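What the coordinates show
Now for the letters of each chain:
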Amino acid sequence: MYTPLSLWLIISSIGLATYAMRLVFVVAPSLQQMPPPVRRALRYVPAAALAALIVPELVVLSEGVQAVLLNERLLAGTLAAAVAWRTRNVPLTIAVGMGSLWLLQALFSL
Amino acid sequence: MNTRRNQFLRGVRAELPVLMGAIPFGMVYGAAATSAGIPVSITQAMSSIVFAGSAQVVTAQLVQAATPGIVVVLTACLLNLRHILYSASIAPYLHHLPAVWRYGLPYLLTDEAYVVAMSHYTNERVDLQYKHWYVLGAGLILWLVWNLSTAAGLLIGAAIPPAWSLDFAIPLTFIALLLPALRDRASLSAALAAGILALVLATMPLKLGILSATLAGMVVGLLVEPRPTTPLAPIQPQPQERP
């Protein structure tokens, strides 16, 4: 489907663009003179961007409330979030999340 | 200088817990790229060059679906647009550095390194002078482990049963990073709004939903902030809430 050359082109383009996006504000001082509301809004980038990446992985919109809420990924993710909230412990969060997903998958397949 | 080494090693140590999520994440990517038919060398090179987990996984999925190359590039770039926001928020802490640092450090600032770096920069108890060594330590160890786990995914990924749901380590890593970032009501509101919108907009083309949801979440955070947004806002007498 793709020649190796076209794949190399694809990943170099993505890599270059990604580097440029990480770089732009750091090396362009004129861009750092941002209006105060923009500067304050940027403080919410980590919370907003991470949540936007997480939620579509946990919730699958399907027919019926029960099917949405009894999704094993949503349940395991919620449990992991509770652990992260209480302990701030990354390995424990991942361990509890994976463990409860396996447990729920086993239960739901009974 | 001892302080530089200290900061570097402290950055490495701060990144270690996050690696537990990055290792399965990298393996999932390596396995996904193999099954998409991407050659081993290119799969590995993408981890070195692009260094952005979610965009790499999506690229593998799109290549597998035989999406036109230009659409693959656009989608991955749109998914990575949040790095512009990362760049803008970390820039004020980096602009005093020599060019080699200003051009080098941003290359390492993917999600997991950025979050660790930002929480160090916003910690005012530590002097700013050598903080960039901390960021270098965190970024380099993540880059190294990311590449090693990609290689592991290439080698043994196909042998991992799908029933293990190793891909679930990806959202779990983000969950572990998100919760400490929810410091107040405003950031909680920003996350809730972005999460709900990302779900509603999940069917938008080219993964645009994630970017739109992030921007909307930022606006919600601003609106919920306790302070008035402009000094010119009319002052209204209202009961003060005291915690």
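Residues numbered from 1 in each chain as written. Chains lettered and ligands numbered in written order. Predicted model: local features only at pLDDT ≥ 70, side-chain atom pairs only at ≥ 80, totals over all residues. Heavy atoms only, no water.

Points about the overall build of chain B
- When its secondary structure is counted, chain B shows 11 helices and zero strands.
- Starting at the N terminus, the α and β elements of chain B follow one another as α-α-α-α-α-α-α-α-α-α-α.
- Projected onto its principal axes, the C-alpha positions of chain B cover 65 × 50 × 35 Å.
- Counting every position in chain B, which comprises 243 residues, the buried fraction comes to 53%.
- In chain B, the proportion of contacts linking residues at least 24 apart, taken out of those at least 6 apart, comes to 77%.
- Total accessible area computed for chain B in this model is approximately 11,400 Å², and 68% of it derives from carbon and sulfur atoms.
- Computing the positive centroid from 13 side-chain charges and the negative centroid from 9, chain B places the two 7 Å apart. (Helix = DSSP H or I, 4+ residues; strand = E, 2+ residues; numbered from the N terminus. Buried < 20%, exposed > 50% of the residue type's maximum accessible area, 1.4 Å probe, protein only. Contact = heavy atoms within 4.5 Å. Areas by Shrake-Rupley, 256 points an atom, 1.4 Å probe, with all protein chains shown as cover. Lys, Arg positive; Asp, Glu negative; His and termini not counted. Charge placed at Lys NZ, Arg CZ, Asp CG, Glu CD.)

Examining helix H10 (residues 185–200) of chain B
- With 16 residues, H10 of chain B extends 22 Å from end C-alpha to end C-alpha; this agrees with the ideal 22 Å at 1.5 Å per step.
- Residues Ala186, Ser187, Ser189, Ala190, Ala191, Ala193, Ala194, Gly195, Ala198 and Leu199 of chain B constitute the buried set of H10 of chain B.
- Close packing links the buried residues of H10 of chain B with helix H3 (45–58) of chain A together with helix H9 (169–181) and helix H11 (208–224) of chain B. (Expected span 1.5 Å × (residues − 1).)

Observations regarding the confidence of the model for chain A
- With 96% of its residues at a pLDDT of at least 70, chain A reaches an overall mean of 88.
- Considering each helix and strand of chain A separately, the mean pLDDT is smallest for helix H4 (residues 65–69) of chain A, with a value of 73, and largest for helix H1 (residues 4–27) of chain A, with 95. (pLDDT = per-residue confidence, 0-100.)

Details of a nonpolar patch on the surface
All names here are of chain A.
- On the surface, Leu70, Leu75, Leu103, Leu107, Phe108 and Leu110 cluster together to form a nonpolar patch covering roughly 640 Å² of accessible area.
- A per-element tally of the nonpolar patch places helix H6 (residues 90–108) first, with three residues.
- Relative to the elements of secondary structure, Phe108 occurs in helix H6. (Patch = residues over 30% accessible without salt bridge, like charges linked within 9 Å, V, L, I, M, F, W, Y side chains within 5 Å. Salt bridge = Lys/Arg side-chain N within 4 Å of Asp/Glu carboxyl O.)

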